[in-house]
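An overview of the molecular structure
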Amino acid sequence: MAAARRWPRIWIFATLALVFVAAIGGFSAANEGARNFSQDPGFAAYYAASPPSSAPPNETERALLRRFRPHVLLPPDHAGPISFYDDYVAQGALYDGKGRLITRAVTPAVLNAHKSDPTVLFVHEPADLTPRPVLQARIDKDDLAFPLPDGGLERQTFTFLTYNLVFRTSGLPAGLPRWLLRLAGTFGVSADWHQLDQYTAVTLVLDQDQAPVAVMLQQHHFVRTYVVGVDVSLSPDGRPAVDVAIGSNELYPHEPGPTSRRAAGTMSAASLAYIVTGEDPPLFSFQDVTNGVREVDYSLDFLPPDDAFYRFEGWLGARRLLPGRDGPPGADYNIWPAFKPPGRQLLTGYWRDGDTGYVKLVRDGLGEGRIDAATLSALAGRFWRAWRRDGEQPRADCGRQP
């Protein structure tokens, strides 16, 4: 009888623990029923005003992308990145919104023909093949105005070189409590939390003279900005170096040896102080762990910005029971629509460890996925002062060379 009474408690505990784990799914966990995050109305407004190009990078742009391609370092035993179309899309099936099979011969043309249907589902069916590491590379530009101490404005056109890594699955962060990882492993979800991880991106930001200014890294469902020479160093060849986190695949500046990084599924009013300062950890906080020891030998692919890789509105991975385990939409749906312009991601993602001023400035807007003009102007001033070294000294912990 005692054992019979314990089982319900165990399953209640297990269920609550898995709900905790589900919360790190970020946007997917926040979706309402069958509603895909790509259907937030802010995206429609953004892309109506800034339609993506249907042309891939030209030869001059490709040369620039090759010149600054990142060094990517994997932890021990990591499977590494794959090719989106050759290793992922070619192995699976496409279904319509009612679960009916469209085709098992999914080609780039087929996927693009269905990219604007938010109900379409692609389910990956992995085959025993050796993958080919490929990073998707693109170029964007954005204009920013920086308020100067004398009351004037400095205007600058920035070039954003973005490299998306593609992983077959996303696992759970290695910094979760061990008992929780063991529990998730019992249910078979710790290494395969959801199919496809293609939000993982490195962006090197160049000024109008093509000098590196900053590195932007996608970390879960927010972007972190690091000013070159202040927060992060480039390798001797002028390229950024990043570590892939164990389990979650998230990207961080390279550091030798195992390194823990504060993280949360989304940047929100509840998680902001913890991520930035380490204080007030929310219920759903955790740490990513990196240990970059093996550099990836990869090639680059150059898709047009309107390709399904970026703009697919449906699910690019199996839909699963627990919240947060559904496959993601296209790589462009990486952040709240209000933060989508690359210049805004640059500014809103810039903070330094222990930066309580940043927390106070953006806490309210982040809670609702919005940002106002006054806050953007203040963030622009903060970034300009760091970039122009106005009273700032380079940090001793600004990233190591691979």
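What comes next concerns the included structure. (Residues numbered from 1 in each chain as written. Predicted model: local features only at pLDDT ≥ 70, side-chain atom pairs only at ≥ 80, totals over all residues. Heavy atoms only, no water.)

Considerations on the sheet that holds strand 12 (residues 241-244)
Condition: In this description, strands pair whenever DSSP reports at least two bridges between them. Runs of H or I in DSSP of at least four residues are treated as helices and runs of E of at least two as strands, each being numbered from the N terminus.
Pairing in this open sheet of four strands is mixed, and the strands run 13-12-1-16 from one edge to the other. Two strands lie at the open edges of the sheet, namely strand 13 (251-253) and strand 16 (294-295), each paired on one side alone. Here strand 1 (residues 71-74) pairs with strand 16 via two bridges, running antiparallel. If you follow L74 over to strand 16, its bridge partner there is R294.

Quick word on the packing of aromatic side chains
Short version of the rule: For Phe, Tyr and Trp, where Trp contributes only its six-membered ring, two rings pair if their centres lie within 6.5 Å, and the inter-plane angle classes them as stacked under 30 degrees, edge-to-face over 60, or tilted in between. Each residue gets one of three labels from its accessible area relative to the maximum for its type: buried under 20%, exposed over 50%, partly exposed in between, using a 1.4 Å probe on protein chains only. Charge-over-ring contacts are defined here by two conditions on Lys NZ or Arg CZ: a distance within 6 Å of the ring centre and an angle within 35 degrees of the ring normal.
By the definition in use, this model includes 19 aromatic pairs. On the numbers, 5.3 Å between centres and 85 degrees between planes, the contact of F37 with F43 is edge-to-face. Per residue, the accessibility class of F37 equals that of F43, and both read buried. Taken together, the ring pairs connect F37, F43, Y46, Y47, Y333 and W336 into an aromatic cluster. One cation-aromatic arrangement involves R138 over Y310; the distance from NZ or CZ to the ring centre is 4.6 Å. In this structure, R319 is placed above the aromatic ring of W315, and the distance from its NZ or CZ to the ring centre is 3.8 Å.

Here we look at the pattern of salt bridges
The following threshold applies: Salt bridge, as applied in this entry: a Lys or Arg side-chain nitrogen positioned within 4 Å of an Asp or Glu carboxyl oxygen.
Counted under the stated rule, the structure contains 14 salt bridges. Where R262 meets D353, a salt bridge forms, and the shortest distance between an N and an O atom there is 3.7 Å. Within this pair, whereas R262 is found in strand 14 (residues 259-264), its partner D353 is found in the loop between helix 10 (342-348) and helix 11 (356-367), the two being separated by 91 residues in sequence. Relative accessible area serves as the criterion here: at 27%, R262 is assigned to the partly exposed category. Judged by its relative accessible area of 46%, D353 is partly exposed.

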